[in-house]
Amino acid sequence: MSLFWIVIRQFAENEAMATSKKVITREEWEKKLNDVKIRKEDMNKLVMNFLVTEGYVDAAEKFRMESGAEPEIDLATITDRMAVKKAVQCGNVEDAIEKVNDLNPEILDTNPQLFFHLQQQRLIELIRNGKVEEALEFAQEELAPRGEENQSFLEELERTVALLAFEDVSNCPVRDLLDISQRLKTASEVNAAILTSQSHEKDPKLPSLLKMLMWAQDQLDEKAAYPRINDLSTAMLEDPPI
Amino acid sequence: MNDRINSSNNVINTTNSTTPQDLGLQFLEMVRFGLCDTDDDDESPTELNTINSSGGFLFVATDKLSIKYTNVNLHDHDVGVIQANKPAPVKRLVYYFEIHVKNAGAKGQIAIGFTTDRFKVRRQPGWEPNSCGYHGDDGLLYRGVGKKEPFGPTYTSDDTVGAGINYASGELFFTKNGIVVGAVEKDIKGPLFPTIAVHSQNEEVQVNFGQKPFAFDLKVLEAQERMKQQATVEKLSLPSNVSYRIVRSYLEHYGYEDTLRAFDMACESTVPPICITQETASDNMYALNQRRTLRQLIRKGEIDAALGKLNEWYPQIVQDEKSATSLLLHCQKFIELVRVGALKEAVKFGRNHLAKFYDLPGFQDLVQDTVALLAYERPQESPVGYLLEDKQREILADAVNAMVLSTNPNVKDLQSCLHPYLERLLRQLTACCLVRRSFNGDEGEAFQLDRVFDSSKNVSANA
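I will try to describe carefully the structure that is included in this document.

Analysis parameters
Residues numbered from 1 in each chain as written. Chains lettered and ligands numbered in written order. Predicted model: local features only at pLDDT ≥ 70, side-chain atom pairs only at ≥ 80, totals over all residues. Heavy atoms only, no water. Pairing = 2+ DSSP bridges. Helix = DSSP H or I, 4+ residues; strand = E, 2+ residues; numbered from the N terminus. Axes fitted to C-alpha atoms, helices over the stretch in contact; angles between N-to-C directions. Contact = heavy atoms within 4.5 Å. Buried < 20%, exposed > 50% of the residue type's maximum accessible area, 1.4 Å probe, protein only. Disulfide = S-S within 2.5 Å. Arc of directions from axis to C-beta. Salt bridge = Lys/Arg side-chain N within 4 Å of Asp/Glu carboxyl O. Polar contact = N/O pair within 3.5 Å; in protein donor to acceptor, adjacent residues only side chain to side chain. Nonpolar A, V, L, I, M, F, W, Y, C, P; charged D, E, K, R; others polar. Expected span 1.5 Å × (residues − 1). Parallel < 35°, antiparallel > 145°, perpendicular 65-115°, else oblique. Phe/Tyr/Trp six-rings, centres within 6.5 Å; stacked < 30°, edge-to-face > 60°. Lys NZ or Arg CZ within 6 Å of the ring centre and 35° of its normal.

## Here's the deal with the sheet that holds strand β2 (residues 66-69) of chain B
Residue and element names in this part refer to chain B. On the basis of which strands lie adjacent, the open sheet formed by seven strands has the order β1-β2-β13-β4-β9-β10-β11 and antiparallel pairing. One side of each edge strand has no neighbouring strand; the edge strands of this open sheet are β1 (58-60) and β11 (179-185). The average angle at which neighbouring strand axes cross in this sheet is 20 degrees, direction not considered. In this fold helix α3 (residues 218-234) packs onto β4 (94-103), β9 (160-166) and β10 (171-176), with an angle of close to 155 degrees to the strand it touches most, β4.

As structure tokens, this is what we get:
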């Protein structure tokens, strides 16, 4: 063990003693854990919620059959939602807009920011495909009028049109717009809007609960030394530092 | 029954011998009792405490929810004050109660607040140490001897005024006609009693401990408090794909093979693909297909077929004919016979296969309940009808699944056969919240998984 770690450890021990944190042994802690009852049907619900929200329609269908858990929304709506998401991810923005409107025209009507981002993505795809003339026409006719309504739209429009100014876009300051992550961002924005329109939460519950676990452990750290789970993916209980 | 289960707990924690541990015992508990709700039901005030009130100065109606000042007030020590019969419950996010002023009387010297069990009656809440009160005649907040501060509007006849404890923020708050007037730090220790006072002729007040709807929307406040915490929590970041890994390991653990395959395929085809398959060549994949088959058979009620497969694949699981796993299997077989109305066959099967469990400590109750199904013309509607629910098949399927997992020679810890990662994480979360609260005088709300689903319903309903 390097001196550094010895010092760090000593420091941690001193700190624990100084604040006289209560130490909960592994044995005591395991007893507390055993007293906690988690219902399987609640865990099934969590898993189903994850599959549905993330759009894994086949898995959700199979899970319904294998576990008996009922999905909270009609699984058919997942298929439509994923088709829209996929279209944006593949750069078929026009197609995606049409699909959203088939699903529920109110989604884009009531969500100008989303509509702008979709149009912006369309412009990006035109530029990516080298359709300069079409891109210019589209920017002037469809996007500029919206920019006038909203300052932040205008800035984003200008940033996007800047792509046209560079011969080598792979090396320009706004190259991030051409990155796959921009498509994913737009896709997840549409996805969230569709979920909201279906009165469904846009994020699955499981990640929030995992964050809550991290938070709860940190909170308890202030009061006590106890066995923690540091690696969420193995759920391994680690002994308290004494 | 409890003896047997407790002793088995010890065994499970210590050894892993060649004969499989009877993990079925862990599931036996679930069959008969289900899982009891761990709801924090500490009692709430329901009425006024007529025993320690300032009798002589006030009249309490027979419903113990209305008071009236019947005297003429002469000095500061003849206040008509009364506490609730119980202190405010603490194991929750917020406690709240309201009064409705029916008559402000001669001077409108009405007060609402909180006091401790040592509060001196005949004084206004807020005039004494360790008490706090919002007064109607001047709108001031009183917090102990000589401490008063401008707080809110005055209130009078026909106003509804509320007082609450927000355990999440550590504050006392007051409302008037459904709107929050203000909040102050809760600096009083110990159980707090809802307290109301009247102090001039004909003042009449009615208290609402929640038996009627409140003027103030408590749900909104609770949702806001939860959202505040949620916002702090959401700022944390998770290791990438950890949710996927946990979902995947859950599917592996319970042998939901079809779901697992569909999930893996979907993960690979997302943009960008989520690759978690290769890195987690875990022990949970052990006997996946066999576990899937066993679960399917049990879910369909084909217990004989499941027993046949077990005999063929894992004879060690069923060789001990007096194990809890064996009991669960045979009870289910009996239940399935009753379900299809094959009562004669059920009787025969019971005599041959269930009677022997009768003498075993801890098993008797389940055997009795199971056999009792015969006594009813419509067993579904009988007190033992719970045995016919799908849930029972599920419990048996989980027990068998755990037993199969435990035959894996690589298993080091039998707990891992019983509890998937997801369950261990949720237990840890619950335990952390409970222990932290115990450091905080047991005040506040603990984590409860089922509420996670309730709250989302409320949110979408409000949206």
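## A closer look at the environment of B:L25
Residues and elements named next belong to chain B. By secondary structure assignment, the location of L25 is in helix α2 (residues 24-33). By relative accessible area, L25 is classed as buried at 6%. When the C-alpha atoms of L25 and G362 are compared, they prove to be 9.4 Å apart, with 337 residues separating the residues in sequence.

## Describing the pairing of strand β6 (residues 131-135) of chain B
Two faces, one strand: in a regular strand the side chains alternate between the faces of the sheet. Residue and element names in this part refer to chain B. Judged by how many residues are buried, β6 sits mostly within the fold: five of five residues are covered. Here β6 shows two buried faces, one formed by S131, G133 and H135 and the other by C132 and Y134. Note: β6 against strand β7 (residues 140-142), two bridges, orientation antiparallel. Bridge assignment links Y134 to a residue of β7, and that residue is L141.

## Some remarks on the state of the cysteines
What the rule picks out here adds up to zero disulfides over all chains. The thiol of B:C433 is unpaired, and the distance to the nearest cysteine sulfur, on B:C432, comes to 6.7 Å.

## Concerning helix α6 (residues 93-103) of chain A
Residues and elements named next belong to chain A. Those residues of α6 lying buried are V93, A96, I97 and V100. The buried residues of α6 occupy one face: seen down the axis, they fall within an arc of 100 degrees. Among the exposed residues of α6, those pointing more than 90 degrees away from its buried face are E94, E98 and D102. Each element contacted by the buried residues of α6 is listed here: α5 (75-89), α7 (106-109), α8 (112-128) and α11 (180-197).

## Some remarks on the interface of chain B and chain A
The partner chain A presents 61 residues to the 64 residues of chain B that form the contact. Run the count over chain B and chain A and you get four salt bridges. Its salt-bridge partner being A:K40, residue B:E394 comes within 3.0 Å of it at the nearest N-O pair. At the surface where chain B touches chain A, the tally comes to 22 residue pairs in polar contact (both at pLDDT 80 or more). Of all the secondary structure elements, the ones that give two or more residues to the side of chain B that touches chain A are α3, α4 (242-253), α5 (257-269), α6 (288-299), α12 (390-406), α14 (421-438) and α15 (449-462) of chain B. Ranked by residues supplied to the side of chain B that touches chain A, first place goes to α14(B) with 15 residues. Among the residues forming the side of chain B that touches chain A, the class breakdown is 35 nonpolar, 14 polar and 15 charged.

## A short note on α3(B)
Here α3(B) spans 24 Å end to end across 17 residues, near enough to the 24 Å set by a 1.5 Å rise per residue. Buried within α3(B) we find B:L218, B:L221, B:E222, B:E225 and B:V233. For α3(B), the arc enclosing every buried residue in end-on projection is 125 degrees, short of the 170-degree limit, so these residues lie on one face. For α3(B), the exposed residues lying more than 90 degrees away from the buried face are B:K219 and B:M227. Next to the buried residues of α3(B) lie α12 (205-221) of chain A together with β4, β9 and β10 of chain B. N-cap assignment for α3(B): the residue whose side-chain oxygen lies 3.1 Å from the backbone N of B:K219 is B:D217.

## A closer look at the pattern of salt bridges
Residue and element names in this part refer to chain B. The tally for this structure, following the rule as stated, stands at 44 salt bridges over all chains. In this structure, the salt-bridge partner of E394 is R295, at a minimum N-O distance of 3.2 Å. Here R295 lies in helix α6 and E394 lies in helix α12, a separation of 99 residues in the sequence. R295 shares its class with E394; the two are buried. Between E336 and R393 there is a salt bridge; the shortest N-O distance is 2.9 Å. Of this pair, E336 sits in helix α9 (residues 324-339) while R393 sits in helix α12, and the two are 57 residues apart along the sequence. With a relative accessible area of 9%, E336 lands in the buried category.

## A closer look at the sheet that holds strand β8 (residues 148-150) of chain B
All names here are of chain B. If you trace the six strands from one edge of the open sheet to the other, you get β3-β12-β5-β6-β7-β8, paired in antiparallel fashion. At either margin of the open sheet sits one strand with a lone partner, and together these are β3 (80-83) and β8. The mean angle between the axes of side-by-side strands here comes to 20 degrees, regardless of whether they run parallel or antiparallel. Taken together, the five bridges between strand β5 (residues 111-115) and strand β12 (residues 193-198) define a ladder with antiparallel strand orientation.

## So, the environment of B:G133
Residue and element names in this part refer to chain B. With respect to the helices and strands, G133 occurs in strand β6. Between the C-alpha atoms of G133 and I196, which are 63 residues apart in sequence, the distance is 8.5 Å. The residues contacting G133, other than those within four sequence positions of it, are I112, G113, P125, G126, L140, L141 and Y142.

## What about the packing of α5(B) against α6(B)?
All names here are of chain B. The N-to-C vectors of α5 and α6 enclose an angle of 125 degrees; their axes lie 9 Å apart at closest approach. When the axes of α5 and α6 are compared, the pair comes out oblique. Every residue of α6 that contacts α5 at E257, D258, L260 and R261 is listed here: L288, N289, R292 and Q296. For the contact of α5 with α6, the residue count by class is two nonpolar, two polar and four charged.

## A few points about the packing of aromatic side chains
Scanning the entire structure with this criterion turns up 21 aromatic pairs over all chains. With 4.9 Å between their ring centres and 85 degrees between their planes, B:Y96 and B:F214 make a pair best called edge-to-face. Placement of the pair is B:Y96 in strand β4 and B:F214 in the loop between β13 (204-208) and α3, with a sequence separation of 118 residues. Judged by relative accessible area, which is 2%, B:Y96 ranks as buried. Ring plane angle 50 degrees and centroid distance 6.1 Å describe the contact between B:F357 and B:F363, whose orientation is recorded as tilted. Looking at A:K40, its charged tip hangs above the ring of B:Y254, at a distance of 3.9 Å from the centre. The ring centre of B:F349 lies 5.7 Å from the NZ or CZ of B:K333, which sits over that ring.

Any link to function would need more than the numbers given here.
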